[in-house]
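# Descriptive analysis of the structure
Listed below, chain by chain, are the residues.
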Amino acid sequence: MGPHVSTTPLYGERFHRDPAAVYRQLRRDHGPVAPVQLEGGVPAWCVLGYREVHYVVRNPELFSRDPRRWNRWHIVPENWSLRAYVEPRPSALLADVDEHHTRGAVVREALDTVDAFEISAAVERICDTLIDRFAGRGFADLVVEYTHQIPLLAMAKVYGLADDEAPMLTHDVALSGQEGEEAVGAHERTVARMQRLVRERRARPTGDLVSHLVKHPIGFTEDEIAADLFIILGKAHLTTSDWMGNALRLMLTEPRFAVDLAGGRSSVGHALNEVLWEDTPIQNHVGRWATQDVQLGGKPIREGDLLALGLAAANADPQVRPHGHEGATGNHAHLSFSHGEYGCPYPAQEIARTITTTGIEVLLDRLPDTDLGVHPEDLTWRPSVLMRGLTSLPVTFSPH
Ligand code: HEM
């Protein structure tokens, strides 16, 4: 790919104000695959077409998940804000297709050991404890104090960590996804904690997810399991929090989703599904790297080029949704979990659904008269090219 002097930036004021408008313009100007710049002018192809995203994820031999293939590593700044998403790690989840096929399957099996009832009960307790902290106050920030806390506290349970370790883990995993020096330290602490966990389960295996990986005859090394465990935490955190937060926003701002005990519960599933179509947590997924020169959507992709999967844009593709916002949201054909070999494993999707559904239901049960505490237009989104989630969600309710 040549230098993209005049390509569209997927960052900055204009993009963050209305990303959907930028995707529409890209589609008009370039069709289903558009040359873009990521933060710092780093070039990439944004795959905006529903069919093209499908094609890319279905053909991992042509479009690899392994960031070491990138032909632009030499221009990536050391402190690049997206580095955490492209850094090569010794995880099964980033391996090329043959290795991923066997090792990734073991990770999927491990996620399948998570019992839906146990996780649901654990999430209920987590949510009750969080709500106890603000219920007496009559107001709260549901993003900072609730949705952003729940998924990692739940995953700490899934990993069998002690209750007093969970807050530190939550803090470190959240920090490790951000920019700067502190993120490096937080990443190292988390990986070290995961390595200790692997040693603990090697010494005394149980029936849990970590033990499944440790005991598997495939013989993962300690570093490999620690890297997988870290990636799973990273995958679970903002995706699931933003899914829950965006659904709560929808329920609190759209009259169709009046939040009260009578109407609220039955519409939780609808709100969660609508979010996956309209405000999906992973807007752009970085990514895939071409294994050879190849044409995609009429564009000449060069070996080693980075492709960002434009999941949000693909979900809105007029080729599959000619009627825009209407229709479609009742089904599950969105690309929000991606697809294929590297797609979000089905058991992980189920864990995420259990966490989000339980989180919203417990809130509705405990604080049934929850109302938005600010004007809907005053809600702000985090300025991120990859994720779509609110910075905060202030609400009011009768103190309990
Ligand atoms: C408990 C929560 C979750 C867990 C444990 C989890 C786990 C994972 C794992 C392990 C992968 C890597 C799969 C592989 O390489 O084989 C993955 C990928 C992915 N997940 Fe999830 N996930 C969770 C929630 C979510 C949510 C809520 C979303 C979005 C709505 C999401 C979207 C994705 C996407 C887009 C990918 C990338 C797929 C690709 O590269 O094609 N995940 N997830």
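Residues numbered from 1 in each chain as written. Predicted model: local features only at pLDDT ≥ 70, side-chain atom pairs only at ≥ 80, totals over all residues. Heavy atoms only, no water.

### Concerning empty space enclosed by the protein
- Summed over the entire model, instances satisfying the criterion amount to 2 cavities of 30 Å³ or more.
- If you trace the largest cavity, you find 36 residues lining it, with Lys-235, Gly-343, Cys-344, Pro-345 and Ala-348 closest to the centre.
- When residues of the lining of the largest cavity are traced back to their parent elements, those giving at least two are α5 (97-112), α8 (150-158), α12 (222-253), β6 (285-290) and α15 (346-366).
- For the lining of the largest cavity, the leading source of residues is α12, giving 7 residues.
- When the residues that make up the lining of the largest cavity are grouped by side-chain class, the tally is 22 nonpolar, 9 polar and 5 charged. (1 Å grid on protein atoms, 1.4 Å probe; cavity = no way out; pocket = protein on both sides within 12 Å on 5 of 7 lines; lining within 4 Å. Points joined across faces, edges and corners; volume = space filled by probe spheres on them. Helix = DSSP H or I, 4+ residues; strand = E, 2+ residues; numbered from the N terminus. Nonpolar A, V, L, I, M, F, W, Y, C, P; charged D, E, K, R; others polar.)

### With respect to the confidence of the model for the protein
- Scored by pLDDT, the protein comes out at a mean of 91, with 94% of its residues at no less than 70.
- Note on residues 1-5: pLDDT under 50 across the span, and 13 contacts to partners over four residues away in sequence or across chains. (pLDDT = per-residue confidence, 0-100. Contact = heavy atoms within 4.5 Å.)

### Focus: the sheet that holds strand β5 (residues 139-141)
- What the 3 strands build is an open sheet, ordered β5-β11-β10; its pairing is antiparallel. Looking at the sheet topology across the chains shown, the edges are occupied by β5 and β10 (371-372).
- The sheet contact formed by β5 and strand β11 (residues 394-396) spans 3 bridges and is antiparallel. Bridge pairing links Ala-140 to Val-395 in β11. (Pairing = 2+ DSSP bridges.)

### Overview of the sheet that holds strand β4 (residues 63-64)
- Sheet architecture is open: 6 strands sit in the order β1-β2-β3-β9-β6-β4, paired in mixed fashion. Sheet topology places β1 (8-9) and β4 at the edges, where each strand pairs with a single neighbour.
- Sheet topology note: the β4/β6 ladder contains 2 bridges and is antiparallel. Looking at the pairing, Phe-63 lines up with Ala-290 of β6.
- Strands in contact with helix α2 (residues 19-30) are β1 and β2 (33-38); relative to β2, the strand with the most contacts, it is inclined by about 130°. (Axes fitted to C-alpha atoms, helices over the stretch in contact; angles between N-to-C directions.)

### Some remarks on the side chain of Ser-176
- For Ser-176, the location among the structural elements is in helix α9 (residues 166-176).
- Looking at Ser-176, the relative accessible area reads 10%, which means it is buried.
- Ignoring sequence-local partners within four residues, the contact set of Ser-176 consists of Ala-84, Ala-183, Ala-186, His-187 and Phe-230. (Buried < 20%, exposed > 50% of the residue type's maximum accessible area, 1.4 Å probe, protein only.)

### Examining the coordination of the iron atom of the ligand
- One donor from the polypeptide reaches the iron atom of the ligand: Cys-344 (SG), at 2.4 Å.
- Summarising the element assignment, Cys-344 is placed in the loop between α14 (311-315) and α15. (Donors = N, O, S within 2.8 Å, 3.2 Å for Na, K, Ca; no water.)

### Overview of the side chain of Thr-190
- For Thr-190, the position within the fold is in helix α10 (residues 181-203).
- Judged by its relative accessible area of 1%, Thr-190 is buried.
- If sequence neighbours within four positions are ignored, Thr-190 has contacts with Leu-169, Asp-172, Val-173, Phe-230 and Leu-233.

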